[in-house]
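# Working through the structure, step by step
Residue strings, one per chain:
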Amino acid sequence: QVQLVESGGGLVQTGGSLRLSCAASGRTANSLAMGWFRQAPGKEREFLVAIRWPGGTTMYTDSVKGRFIVSRDAAKRVVYLQMNGLKPEDTAVYYCAARAGWGPMTTESIESWGQGTQVTVSS
């Protein structure tokens, strides 16, 4: 069992920044992908970013590339999401996610989810 614990959400004004953290514990695989989804009210859960063990290869959706940056602490199985230039449309619950191996990051393929952390961007 892999457990994911998130932190770092909050309320910011338009143009502000937040940094989310997600720590994995339990029996993690050598080949692993961790990343972030978000879900706005009434919307489907949306994939944002991912990063891979080993090696640190990253993947971004075009909609957030240039504003959001995913990084990792390789030894600790911790992922971060640096969010810059936040907009009201970024308001959502942000979920950390993990799967063994490397492949498409979809709601169906994800094996472990974080508890979710609220990000609210005010105008």
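This write-up is about the structure you can find in this document.

About the cut-offs
Residues numbered from 1 in each chain as written. Predicted model: local features only at pLDDT ≥ 70, side-chain atom pairs only at ≥ 80, totals over all residues. Heavy atoms only, no water. Pairing = 2+ DSSP bridges. Helix = DSSP H or I, 4+ residues; strand = E, 2+ residues; numbered from the N terminus. Axes fitted to C-alpha atoms, helices over the stretch in contact; angles between N-to-C directions. Core = buried A, V, L, I, M, F, W, Y, C linked by side-chain atoms within 4.5 Å. Buried < 20%, exposed > 50% of the residue type's maximum accessible area, 1.4 Å probe, protein only. Contact = heavy atoms within 4.5 Å.

### A short note on the sheet that holds strand β3 (residues 18-26)
- Strand order in the open sheet formed by four strands is β1-β3-β8-β7, and the pairing between neighbours is antiparallel. Of all strands in the sheet, those bounded by a partner on one side alone are β1 (2-7) and β7 (68-73). Taken pair by pair, the neighbouring strands of this sheet meet at an average axis angle of 20 degrees, ignoring direction.
- With six bridges connecting them, β1 and β3 associate as antiparallel partners. In the sheet register, V5 faces β3, and the bridge partner there is A23.

### Brief notes about the nonpolar core
- In this structure, M34, W36, L81, M83 and Y94 are the most contacted members of the largest nonpolar core, which totals 27 residues.
- Mapped onto this core, the elements with two or more residues apiece are β3, β4 (32-39), β5 (46-53), β7, β8 (78-83), β9 (92-100) and β11 (117-122).
- Beyond its immediate chain neighbours, meaning those up to four positions away, L81 contacts L18, R19, L20, W36, L48, V49, F68, I69, V70 and Y94.
- Ranked by size, the runner-up nonpolar core spans seven residues in total, among them A33, F47, A97 and I110.

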